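Spelled out, the chains give:
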Amino acid sequence: SQVYGMELVESPDERYESIGGLEPQIVEIQEAVELPLTKPHLFEQIGIAPPKGVLLYGPPGTGKTLLARAVAHQTNAHFLRVVGSELVQKYIGEGARLVRELFELAKQKAPSIIFIDEIDAIGAHRNDSTTSGDREVQRTLMQLLAEMDGFENRGDVKIIGATNRIDILDRALLRPGRFDRIIEIPLPDFHGRLSIMHIHTKGMNLGENVDLAEVARLTEGKNGADLRAVCMEAGMFAIRSEHETVTQDDFMKAIDKLSLDFDKHHINTS
Ligand code: ATP
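All of the points below concern the structure found in this document. Computed from a prediction, not measured in an experiment: that's the story for all the values here.

1. Examining helix 1 (residues 23-38)
So, point 1. At Gln-30, helix 1 shows its strongest bend, of approximately 40°.
So, point 2. All of the buried residues along helix 1 are Gln-25, Ile-26, Ile-29, Ala-32, Val-33, Glu-34, Pro-36 and Leu-37.
So, point 3. Of the surrounding elements, those touching the buried residues of helix 1 are helix 2 (40-46), strand 3 (53-57), helix 3 (64-74), strand 5 (112-117), strand 6 (157-163) and strand 7 (179-184).

2. Description of the environment of Ser-85
So, point 1. Relative to the assigned elements, Ser-85 resides in helix 4 (residues 84-89).
So, point 2. Classification of Ser-85 as buried rests on a relative accessible area of 15%.
So, point 3. A sequence separation of 68 residues divides Ser-85 from Glu-17, and the C-alpha atoms of the two residues are 30 Å apart.
So, point 4. Ignoring anything within four residues of it in the chain, the contact list for Ser-85 reads Lys-90, Glu-118 and Ala-121.
So, point 5. A distance of 2.7 Å separates the side chain of Ser-85 from the side chain of Glu-118, its partner in a polar contact.

3. Concerning the pattern of salt bridges
So, point 1. Under the counting rule described, the total for this entry stands at 14 salt bridges.
So, point 2. The closest approach of N and O atoms between Glu-31 and Arg-181, which form a salt bridge, is 3.8 Å. Placement of Glu-31 in helix 1 and of Arg-181 in strand 7 is noted, with a sequence separation of 150 residues between them.
So, point 3. When its relative accessible area of 41% is taken as the criterion, Glu-31 is described as partly exposed.
So, point 4. Classification of Arg-181 as partly exposed rests on a relative accessible area of 26%.

4. A short note on the site of the ligand
So, point 1. Among the 18 residues in the neighbourhood of the ligand, the closest are listed as Gly-20, Gly-61, Lys-64, Thr-65 and His-200.
So, point 2. Measuring from an oxygen atom of the ligand, one finds a backbone N or O atom of Gly-63 at 3.1 Å.
So, point 3. Here Thr-65 contributes a side-chain N or O atom positioned 2.6 Å from an oxygen atom of the ligand.
So, point 4. Contact with the protein chains removes 81% of the 630 Å² of surface that the ligand exposes when unbound.
So, point 5. Among the secondary structure elements, those contributing two or more residues to the shell around the ligand are helix 3, helix 8 (190-200) and helix 10 (224-240).
So, point 6. Here the shell around the ligand is composed, by residue class, of six nonpolar, nine polar and three charged.

5. Brief notes about the packing of helix 1 against helix 3
So, point 1. Running from N to C, helix 1 and helix 3 point in directions that differ by 50°, and their axes come no closer than 11 Å. In terms of orientation, helix 1 lies oblique with respect to helix 3. Considering only the axes of helix 1 and helix 3, their crossing is right-handed. On helix 3, the residues that touch Ile-26, Ile-29, Val-33 and Glu-34 of helix 1 are Leu-67, Val-71 and Gln-74.

Scoring rules and cut-offs
Residues numbered from 1 in each chain as written. Predicted model: local features only at pLDDT ≥ 70, side-chain atom pairs only at ≥ 80, totals over all residues. Heavy atoms only, no water. Bend = angle between axes of the 7 residues up to and from the residue. Helix = DSSP H or I, 4+ residues; strand = E, 2+ residues; numbered from the N terminus. Buried < 20%, exposed > 50% of the residue type's maximum accessible area, 1.4 Å probe, protein only. Contact = heavy atoms within 4.5 Å. Polar contact = N/O pair within 3.5 Å; in protein donor to acceptor, adjacent residues only side chain to side chain. Salt bridge = Lys/Arg side-chain N within 4 Å of Asp/Glu carboxyl O. Near = heavy atom within 4 Å. Areas by Shrake-Rupley, 256 points an atom, 1.4 Å probe, with all protein chains shown as cover. Nonpolar A, V, L, I, M, F, W, Y, C, P; charged D, E, K, R; others polar. Axes fitted to C-alpha atoms, helices over the stretch in contact; angles between N-to-C directions. Parallel < 35°, antiparallel > 145°, perpendicular 65-115°, else oblique. Left-handed = near helix turned anticlockwise from the far one by under 90°.

What is shown is where atoms sit, not what they do.
Written as structure tokens, this is what we have:
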């Protein structure tokens, strides 16, 4: 459901099985987010504070949101999502208040996971510019830092941030007790692309000649979102040519078409 300025999901449907590649990243997030939620006593026993938040960074369309939703599913946690740029652009003058309300709601609904997408929009280096837009961004960031420092770390509210621009993030966000685990979510390699192709063709009626490894080889540099589009487009070609199954040729046409579209519209897929 949509609460003002944020998305709230009881418990998302995504599972780790619907994520292709990213095996080491899944293990890391299980340790940093899932374990403190499901087995807080392990941290008490050993006497260390569980991480409050993790930051996922890497190019767009690689599965950051998917991963955050899968953790929430796995832990039966509420999933609260906000988008950094919306906090400061769509609800002008209300960024700080929205951040305060976000944390209040997360505590009320605990166990919960707060997902802040495009966190760079509120968490970029502070510069000395004094336009009102920048002041608004600063106020929002200050509120976020205060909330992260303020909430008691019992382990039942976790924060996951996501960004494509870790290079411009304010160091203050990365201090211990804030986003103290940083996980890179890279573009998929061959193995990752193959596994993403398997996931997205699972419900499709594939012809016998379909060679997903060939598709994975021909899509170097493409992300998970691109590969999902390849599957959809291949299905469209099959429907247009009235095939009963999707053929390898449909996949080849889909790759060609999407590569052309990316070039034509100057879409940066990396
Ligand atoms: P952005 O930075 O643009 O928000 P993101 O990294 O959060 O991107 P997602 O929103 O998770 O990317 O990915 C978009 C869609 O692409 C997913 O819903 C999924 O269908 C597909 N996808 C991306 N990465 C993967 C993956 N590793 N495995 C399976 N599907 C993927």
